[in-house]
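Remarks on the overall topology
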Amino acid sequence: MTVTRTPPPPRLPVRDRATAEDRNWGGVSPMLSRLADERATGVLVRERGTLYLSEGRVIHAESPSAPGLDVLLTAHGTVDVAVWRQAVDRADDHRGVGPLLVDGGQVARGALELCHLGALYDAAYFALAPSSTPGRFRYGAAHWLGSDRPVPVSALERETVRRRDLLHRIWPDQETDTAPLLRAEPVAPPALNARRRAVLAQVDGERTATDIARRLGRQAFHTLVDVRRLAAAGFVAPLPRPSLAETVPAAARSRADDPDITLLKRLRDALEAL
């Protein structure tokens with residue numbers, strides 16, 4: 001009797017979790033990763049925001065799309081607006097705004113650090129968005145706020161990608177992040193919590209999610225989450241982009257419809273047909 005031995009099937013590939021995670025968040029900003037490796041100090045200016053580094057770690061971030069630390073601290077009365085302005089005027093290279101507020105008893109150190117970290121991650125999310133222009137780095141530049149709690153670049157990139165994935169899972173249409181928002185009428189509206197009702201109350205056909213975040217004194221990313229959940233439930237929709245015909249000035253459209261111009265076009269076409 002002949003015995004035929006069948007070779008065992010090849011082993012299935014095993015997913016390397018560490019490698020997979022690196023693929024997910026690595027390369028968000030190759031320049032930022034290189035600056036972290038160099039332990040560089042200075043400011044990285046990108047298309048949608050700015051990152052301040054100290055010895056390769058991020059100490060502050062700013063973006064036009066995110067309310068700054070001043071808005072987050074003053075909107076709800078944590079720090080008086082006049083006190084904030086005085087601290088900004090007194091800040092220098094030796095003492096930043098943060099230490100001045102803490103030493104003056106205006107805010108507790110722990111509360112300031114939490115608020116600063118929230119503002120940093122919020123602005124960094126927009127600053128690290130895909131860009132059509134290269135970033136620029138200025139060595140040695142510092143920020144007047146001061147360094148309270150530096151953040152490793154790797155942690156910032158991982159959190160940025162996690163936030164992108166979260167928004168995509170909630171509602172994949174990115175138009176709701178930047179376009180003016182319109183109210184919609186959902187067929188079977190679910191109940192809304194107080195936080196989302198406050199966001200919905202600000203939707204007027206002109207304000208964007210960033211505008212709403214500033215008016216409410218909230219972090220922009222958290223507002224994006226609320227807006228996308230409202231969009232997924234049918235409560236809001238982005239303002240439609242104007243068509244090409246709508247972007248043509250009325251005067252140009254009226255000239256194109258002028259009878260004399262129309263006649264000249266017909267004569268031209270007739271001559272070309274001969």
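These notes cover the structure that comes with them. (Residues numbered from 1 in each chain as written. Predicted model: local features only at pLDDT ≥ 70, side-chain atom pairs only at ≥ 80, totals over all residues. Heavy atoms only, no water.)

As for the layout of surface pockets
Reported here for the largest pocket is a volume of approximately 380 Å³. Among the secondary structure elements, those contributing two or more residues to the lining of the largest pocket are α6 (109–127), α7 (153–170) and α8 (175–178). A total of four residues in the lining of the largest pocket trace back to one element, the largest contributor, which is α7. A breakdown of the residues in the lining of the largest pocket according to their chemical character gives five nonpolar, three polar and seven charged. (1 Å grid on protein atoms, 1.4 Å probe; cavity = no way out; pocket = protein on both sides within 12 Å on 5 of 7 lines; lining within 4 Å. Points joined across faces, edges and corners; volume = space filled by probe spheres on them. Helix = DSSP H or I, 4+ residues; strand = E, 2+ residues; numbered from the N terminus. Nonpolar A, V, L, I, M, F, W, Y, C, P; charged D, E, K, R; others polar.)

Re the packing of α6 against α7
It is at 10 Å that the axes of α6 and α7 come closest, and there the two elements cross at 70°. In terms of axis orientation, α6 runs roughly perpendicular to α7. Every pair of crossing elements has a handedness; the one defined by α6 and α7 is right-handed. Counted together, Leu120, Tyr121, Asp122, Ala124 and Tyr125 of α6 and Ala155, Leu156, Glu159, Thr160, Arg163, Arg164 and Leu167 of α7 form the full contact between these two elements. When the residues that make up the contact of α6 with α7 are grouped by side-chain class, the tally is seven nonpolar, one polar and four charged. (Axes fitted to C-alpha atoms, helices over the stretch in contact; angles between N-to-C directions. Parallel < 35°, antiparallel > 145°, perpendicular 65-115°, else oblique. Left-handed = near helix turned anticlockwise from the far one by under 90°. Contact = heavy atoms within 4.5 Å.)

A word on the sheet that holds strand β2 (residues 49–54)
The five strands lie next to each other as β4-β1-β2-β3-β5, forming an open sheet whose pairing is antiparallel. Looking at strand neighbours, the two that pair on one side only are β4 (136–139) and β5 (151–152), the edges of this open sheet. In the sheet, strand β1 (residues 42–46) pairs with β4 via four bridges, with the strands oriented antiparallel. Bridging across to β4, Val45 finds its partner in Arg136. (Pairing = 2+ DSSP bridges.)

Points about unusual backbone geometry
Phi is positive for Arg39, which is not a glycine, with a value near 55°. Position of Arg39 among the secondary structure elements: in the loop between α2 (30–38) and β1. The exposure class assigned to Arg39 is exposed, which follows from its relative accessible area of 54%. In the Ramachandran plot, Glu55 falls in the positive-phi region, its phi being about 55° despite a non-glycine side chain. Mapping Glu55 onto the fold places it in the loop between β2 and β3 (57–62). (Buried < 20%, exposed > 50% of the residue type's maximum accessible area, 1.4 Å probe, protein only.)

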